[in-house]
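Single-letter residue listing:
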Amino acid sequence: MQFAAPTALDYFASLVAEDASFALLEAAIAVAQDEEPQLDTQAVLAQIDALVERLQRRLPADASPIQRLRLLNRYFFQDLGFAGNVNDYYAADNSYLHRVIAKRSGIPITLALLYIELAGGIGLQARGISFPGHFLIKVKMPQGEVVIDPFSGRSLSREDLDERLAPFKRRRGLIDDMDMPLGLFLQPATPREIVARLLRNLKEIHRNSEDWPRMVQVQDRLVCLLPDEPGERRDRGLARAEMGQDEAALADLQAYLAAAPEADDAEAIRERLRDLGPSPLH
């Protein structure tokens, strides 16, 4: 008997199928297989393990939590030289972990994923925060939590965070009686939320450049990752329509309307369906 080899999407689906066994780092690495189908995710995991081991060898046995944090920051931002890619922030490479490791530069979320893995390797509890506009890290310490910007390596005060949050609150009308406490914006992101944010970064890059084939690949992963969010089916359908894949586009857009018939954009999607022609299902 012959069995078809699993596709890159099948592999990704196996990593993200269950929250209890969600393989965050491996799934984040696997995102790049759309660009490099032969990418060996296990080899990239081994590279990260080697970085952790180097850090562990530098750690004094009696190091306090604050000493561990200082050692980690020096190792990650100075010795290894990881930093935000300020010159080409919107390059897709910044979302591919193996290229971030090679170039020592990336965007907040990919830098955070590496930092969090290193932190765990020396006994620190670090979590990612889906802060509006900029992914952050918080590290649990005996005296409280330290919030770190992985793009710059800075520790952020409450005043820094309030200042960064102010434009978002103004845009959303979250002022005066509608204001929300800072702590609500500092909740740890789940592994599924982190991978979704990583993919949505790529989605916007490809949509802005009208690279529909690459956007559809990203949407395939988002539909797999977030099966209960019909908007991802809609966006895949719209990208497929741009590629002339009318039958597949119709299926996606009809599925969206079936799941969200009262959505704000439902009439616009119905109009798009009429443009695409009669459904092949009828």
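These figures come from a predicted structure and were not determined experimentally. (Residues numbered from 1 in each chain as written. Predicted model: local features only at pLDDT ≥ 70, side-chain atom pairs only at ≥ 80, totals over all residues. Heavy atoms only, no water.)

**Q** Break down the packing of aromatic side chains for me, citing the residues and quoting the values.
**A** Going through the model one piece at a time under the given rule, you end up with seven aromatic pairs. With centroids separated by 4.9 Å and ring planes inclined at 90 degrees, the aromatic side chains of Phe76 and Phe77 adopt a geometry described as edge-to-face. Given a relative accessible area of 17%, Phe77 falls into the buried group. Between the aromatic rings of Phe77 and Tyr115, the centroid separation amounts to 5.9 Å while the plane-to-plane angle is 35 degrees, which identifies the pairing as tilted. In this pair, Phe77 sits in helix 4 (residues 65-79) while Tyr115 sits in helix 6 (residues 108-121), placing the two residues 38 residues apart along the sequence. We note that Phe77, like Tyr115, is buried. Here the aromatic residues Phe76, Phe77, Phe82 and Tyr115 are joined through ring pairs into a cluster of three or more. In this structure, Arg234 packs its charged tip against the face of Tyr256, placed 5.2 Å from the ring centre. (Phe/Tyr/Trp six-rings, centres within 6.5 Å; stacked < 30°, edge-to-face > 60°. Buried < 20%, exposed > 50% of the residue type's maximum accessible area, 1.4 Å probe, protein only. Helix = DSSP H or I, 4+ residues; strand = E, 2+ residues; numbered from the N terminus. Lys NZ or Arg CZ within 6 Å of the ring centre and 35° of its normal.)

**Q** Which residues make up helix 10 (residues 230-242), and what are the values?
**A** The end-to-end C-alpha separation of helix 10 is 19 Å, in line with the 18 Å expected for 13 residues at 1.5 Å each. Those residues of helix 10 not exposed but buried are Gly231, Glu232, Arg234, Asp235, Arg236, Gly237, Ala239, Arg240 and Ala241. Looking at the buried residues of helix 10, the elements they touch are helix 8 (191-208), helix 9 (212-225), helix 11 (246-259) and helix 12 (266-276). Looking one or two places after helix 10, you find Gly244, whose phi comes out positive at around 80 degrees. (Expected span 1.5 Å × (residues − 1). Contact = heavy atoms within 4.5 Å.)

**Q** Now, about empty space enclosed by the protein: what can you tell me, with residues and values included?
**A** In the structure shown here, the tally under the stated rule is one cavity of 30 Å³ or more. By volume, the largest cavity is sized at about 50 Å³. Around the largest cavity, the lining residues are Val31, Asp34, Glu35, Tyr96, Leu202, His206, Arg214, Gln217 and Val218. Listed by contribution, the elements that provide at least two residues to the lining of the largest cavity are helix 8 and helix 9. (1 Å grid on protein atoms, 1.4 Å probe; cavity = no way out; pocket = protein on both sides within 12 Å on 5 of 7 lines; lining within 4 Å. Points joined across faces, edges and corners; volume = space filled by probe spheres on them.)

**Q** Account for the layout of surface pockets, naming residues and giving values.
**A** Of the volumes computed, that of the largest pocket is approximately 890 Å³. Along the wall of the largest pocket there are 33 residues; nearest its centre are Ser130, Phe131, Gly133, Arg197 and Asn201. For the lining of the largest pocket, the secondary structure elements donating two or more residues are helix 6, helix 7 (158-172) and helix 8. Broken down by element, the residue count for the lining of the largest pocket peaks at nine residues, all from helix 8.

**Q** Now, about the pattern of salt bridges: what can you tell me, with residues and values included?
**A** Per the counting criterion, the structure on display carries 27 salt bridges. A salt bridge links Glu145 to Lys138, with the shortest nitrogen-to-oxygen separation between them at 3.7 Å. One salt bridge in this structure joins Glu271 and Arg274, with 2.8 Å as the shortest N-O distance. Here the residue Glu271 and the residue Arg274 both occupy positions in helix 12, the gap between them amounting to three residues, near one helical turn. Judged by its relative accessible area of 39%, Glu271 falls in the partly exposed class. Each of Arg200, Lys203, Glu204, Arg207, Glu229, Glu232, Arg234, Asp235 and Asp265 takes part in a single network of salt bridges with overlapping partners. (Salt bridge = Lys/Arg side-chain N within 4 Å of Asp/Glu carboxyl O.)

**Q** Any chance you could break down unusual backbone geometry for me, citing the residues and the numbers?
**A** A positive phi angle, close to 60 degrees, is found at Arg104, a residue other than glycine. Structurally, Arg104 can be placed in the loop between helix 5 (97-103) and strand 2 (105-106). In this structure, Glu210 takes a positive phi of about 55 degrees despite not being glycine.

**Q** Could you give me a rundown of the sheet that holds strand 6 (residues 155-156), with the residues and numbers involved?
**A** Read from one edge of the open sheet, four strands run 3-4-5-6, paired in antiparallel fashion. Strand pairing shows two members of the sheet lacking a second neighbour, strand 3 (125-129) and strand 6, which therefore form its edges. Lying on the sheet, helix 4 is in contact with strand 4 (136-141) and strand 5 (144-148); it crosses strand 4 at an angle near 155 degrees. (Pairing = 2+ DSSP bridges. Axes fitted to C-alpha atoms, helices over the stretch in contact; angles between N-to-C directions.)

Any functional reading would require information beyond the geometric quantities listed.
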